[in-house]
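In case you want the letters, here they are:
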Amino acid sequence: MSQIDQKLTSDGSDGLLSRDAKQLRRVGIASWVAQLGAPRPEATRSRRLAHLGGIAAVAAPILYLTWRIGFTLPGSGWSVGIAWALVVFEALPIAGLILKTLSVWNIDSHPAPPPDALPAGTRVAVLIPTYNEPVEVLSPTIAAACDLEPAHETWVLDDGDRPWVAEMCAAFGARYVNRPTHDHAKAGNMNHALQLMVGEAAAGAPGIDIIAVLDCDHVPLPSFLTATLGWFTDPDVALVQGPQCFYNGGAFDDDGLTGEQGVFFNVLMPSRNVPGAGPFWCGSTSLLRVSALEDVGGVATETITEDMHTTLKLIRRGWKTIYHHQTLALGLAPSTPDQYLLQRRRWGMGAMQILTHEKLWAAKSWMSWRNYHEYLNGTLWWLEGITTLVSFAVPLVILFTGAQTSTASPPLFILVFAAMFTVRLWGSKKLMRGEINWSTAFALRIFRIPVGLACFWWLITRRTLDFEVTPKGAAEERLRGRTPRFLLMLTALIFAVIAYAAAGILGWVPWRTDPSSTVAATAWLGIAGIILVFGIRRIRAAQYATSRRDAYRVNLTTDVGIDGLPARLQDISMGGAAVRLTSDAVVQDVVQLKLPGTTEFPLDVVRVIREPTGALIASLQIRPNDWKTYQAVALWLFHTPAGAIPGWAPGIPAVASLEVKV
């Protein structure tokens, strides 16, 4: 029995491995494998812990504030007003915690009806918008899309007008589509394709009923269509959205669990599968009814977040949206701080555009209470950078005014505050089904302060925004992330104030605030300072520096063949592979690589290194425009044949490997 078989139990319903994400990560398998099987109700133990956590997360600050109001507020003087202001500030998160607890109380999911229940003759097209991505990013998406069942068309919408993309599409069996003008970015690209469909149907060609949308770096797994098309047996369903999972482990927002977006796609989105709610379109890993898009005039072009804006138009017209909680495709998360900041800034600014364009604060007349709450809070959430700054500013103001905000002794205050904060964090993590790594979450929140400032500034200026594509692929040189100067200044200020406050308590410098109030204010500042340090360290970490590689490298060891001789795969990517050979192997300029379950294909030998043990490590590369090899490597990585990797259950793609290369 293999190590994986020993540590993971078989899922009797679908033959996949255990759905414990942490367990998967511990044995070197990506956590998104836990959701490869069909959607299902939440496990009883998980639900009970989540309910307990939600109650604890709400109760802890309420009990803390009860103690603050009943036993620590000053009795008279101008300090009373300042003390109450601090209490109100500390109470602000409670309403959000209550709403969140109620919203995610139930996250049960269910599979779609069988796709054969669709009307006969239903036609599907997979759309892949692209602009300037390298072949290593784009080729696996097209190859895997063409390989999907049931029968469908694959349309590659190239806004870059690249001849090699047209050549690759012809080799893979996809339809190449470009357009004479390139307005409205991705939304305009998709609307051009929709207009082609309508025009061809009017000319007598069979019409397209459902489109599936994939970002050019989101590679579909074999279940992408077969698991989701059945939802469209309900004629009122306009959208089916799946989770966005990412295969490049170690990306900037990777938290060691399911990534920063794990909370969103594994908790928040499933919780919306209830009457009066429903998910919004997230751009990729989704299916839409063409007639529904026609009903709202196509993909929205008024804002730079066309997906959410289109969803609002669908809701206004009475269409239903569905969330299908199953790993259906694998994409590339931002691997560097700059990529992350660019992407989040685009999302945040687009949310501000939607907030003002649709006047969401007054949208209750055409939205359910749940949707009204979700969409209004979801857009305002992007202003969190402002609330973070306010949370830093309040204790600073208290310290500099000399106001007395607490009569409790410093040791007692620290004890009570620490207990409240610990219980709140524990409860929130359980409520979010363990999808949060707090150190990463806090670090990324700090990094999003500039996003909040940019969103606030746009609300004031209303400047025109352009759609900025998150860059994928190689950089010219390897550079570490740049820390925004504002964060450095804020960190220096906070620690300077803490140091001065400590000196004041010790009597070394003039200080007007009493010890109790100083401790109460600096408790928040101390946490803020630690979080800032975490954020800056993450931004500057070498592991998140830019890379000169166009393709993500999967570390995976398994038996392969080189020119008919046994060898051992070390790593593989859409650019090539590294293999370990025996010392007496003969390596030519071009070799034939045979991966388990595939036929041989040629690779160029880039270099050969002899190890001290006598073994040879050969670095192999796919030859330019060798579309057959690109297709073979892509399908082996993402549509891996059963039994290709010993010890792995059927259905797990090779790209799930998180082995650490030594």
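These numbers were taken from a predicted model, which means no experiment stands behind them.

Analysis parameters
Residues numbered from 1 in each chain as written. Predicted model: local features only at pLDDT ≥ 70, side-chain atom pairs only at ≥ 80, totals over all residues. Heavy atoms only, no water. Helix = DSSP H or I, 4+ residues; strand = E, 2+ residues; numbered from the N terminus. Rg over C-alpha atoms; globule rule 2.2 N^0.38 Å. Buried < 20%, exposed > 50% of the residue type's maximum accessible area, 1.4 Å probe, protein only. Lys, Arg positive; Asp, Glu negative; His and termini not counted. Charge placed at Lys NZ, Arg CZ, Asp CG, Glu CD. Contact = heavy atoms within 4.5 Å. Salt bridge = Lys/Arg side-chain N within 4 Å of Asp/Glu carboxyl O. Axes fitted to C-alpha atoms, helices over the stretch in contact; angles between N-to-C directions. Parallel < 35°, antiparallel > 145°, perpendicular 65-115°, else oblique. Nonpolar A, V, L, I, M, F, W, Y, C, P; charged D, E, K, R; others polar. Phe/Tyr/Trp six-rings, centres within 6.5 Å; stacked < 30°, edge-to-face > 60°. Lys NZ or Arg CZ within 6 Å of the ring centre and 35° of its normal. Patch = residues over 30% accessible without salt bridge, like charges linked within 9 Å, V, L, I, M, F, W, Y side chains within 5 Å. Areas by Shrake-Rupley, 256 points an atom, 1.4 Å probe, with all protein chains shown as cover. Pairing = 2+ DSSP bridges. Polar contact = N/O pair within 3.5 Å; in protein donor to acceptor, adjacent residues only side chain to side chain.

A. Here's a closer look at the overall build of the protein chain. Of regular secondary structure, the protein chain possesses 20 helices and 16 strands. Here the C-alpha atoms of the protein chain give a radius of gyration of 27 Å, agreeing with the 26 Å that 2.2 N^0.38 yields for 662 residues. With respect to the principal axes defined by its C-alpha atoms, the protein chain has extents near 85 × 70 × 50 Å. Residue burial in the protein chain is summarised as follows: out of 662 residues, 55% are buried. One way to put it: in the protein chain the 56 positive side-chain charges average out to a point 9 Å from where the 54 negative ones average out.

B. Highlighting the environment of H110. Mapping H110 onto the fold places it in the loop between α4 (79-103) and β1 (124-130). Overall, the relative accessible area of 47% leaves H110 in the partly exposed class. Setting aside residues no more than four positions away along its own chain, H110 makes contact with P39, P41 and W231.

C. How the structure looks around the pattern of salt bridges. All told, the structure shown has 21 salt bridges when counted by the stated rule. Residue R580 pairs with E611 through a salt bridge whose shortest N-O separation is 2.3 Å. Placement of R580 in strand β13 (residues 576-581) and of E611 in the loop between β15 (601-610) and β16 (616-621) is noted, with a sequence separation of 31 residues between them. Residue class for R580 comes out partly exposed when judged on its relative accessible area of 29%. One network of salt bridges, with partners in common, ties together D159, R179 and D183.

D. Local environment of the packing of helix α14 (residues 384-401) against helix α17 (residues 449-461). Relative orientation of the contacting elements α14 and α17 amounts to 110°, with a least axis distance of 7 Å. When the interaxial angle is binned, α14 and α17 end up roughly perpendicular. Here G385, I386, T388, L389 and F392 of α14 lie close against α17, whose contacting residues are I449, G452, L453 and F456. When its residues are assigned to classes, the contact of α14 with α17 shows six nonpolar, three polar and no charged.

E. Structural context of the packing of aromatic side chains. Evaluated as defined, the whole model comprises 19 aromatic pairs. Taking the centre distance of 5.1 Å and the plane angle of 80° together, the rings of Y247 and F638 count as edge-to-face. With Y247 in the loop between β7 (245-246) and α9 (262-268) and F638 in helix α20 (residues 627-638), this residue pair connects regions lying 391 residues apart in the sequence. Its relative accessible area of 8% is what places Y247 among the buried residues. For the ring pair W347 and W382, a centre distance of 6.5 Å and an interplane angle of 75° mean the geometry is edge-to-face. Placement of the pair is W347 in helix α12 (residues 337-357) and W382 in the loop between α13 (369-380) and α14, with a sequence separation of 35 residues. Judged by its relative accessible area of 12%, W382 falls in the buried class. An aromatic cluster is built from Y64, W67, F413, F417 and F421, whose rings are joined through pairwise contacts. Of note, R316 hangs over the ring of W366, and the distance from its end group to the ring centre comes to 4.0 Å. Over the face of the ring belonging to F252 we find R538, whose NZ or CZ atom lies 5.6 Å from the ring centre.

F. Focus on a nonpolar patch on the surface. On the surface, a cluster of nonpolar side chains totalling about 390 Å² of accessible area is made up of I69, W84, V88 and L92. Tallying contributions element by element places α4 first for the nonpolar patch, with three residues. Mapped onto the secondary structure, W84 falls in helix α4. Looking at W84, the relative accessible area reads 38%, which means it is partly exposed.

G. Molecular detail of the sheet that holds strand β14 (residues 590-594). Ordered in space as β11-β12-β13-β16-β15-β14, the six strands form a closed barrel in which the pairing is antiparallel. Between one strand and the next, the sheet's axes are offset by a mean angle of 45°, whatever the strand orientation.

H. Fine view of the pairing of strand β4 (residues 210-213). Residues of β4 alternate between two faces, with I210 and A212 on one and I211 and V213 on the opposite face, all of them buried. The pairing of β1 with β4 spans four bridges and is parallel. Across the sheet, residue A125 finds its bridge partner in β4, namely I211. Examined bridge by bridge, β4 and strand β8 (residues 286-289) share four bridges and lie antiparallel to one another. Residue pairing for β8: I210 is matched across the bridge by R289.

I. Region of the structure containing the side chain of H218. Among the secondary structure elements, H218 is positioned in the loop between β4 and β5 (219-220). Of the polar contacts made by the side chain of H218, one reaches the side chain of T285; its length is 3.4 Å. Once you skip the residues sitting within four places of it in the chain, H218 turns out to touch T141, Q244, F246, S284, T285, L330 and G331.

J. Unusual backbone geometry, seen in detail. Following E149, the chain continues to P150 via a peptide bond in cis, the omega torsion being 0°. If you check the backbone angles, K359 has positive phi at about 50° while not being a glycine. K359 gets classed as partly exposed once you look at its relative accessible area, which sits at 48%. At R433, a residue that is not glycine, the phi angle is positive and equals roughly 55°.

Take it as geometry only, folks, not as evidence of what the structure does.
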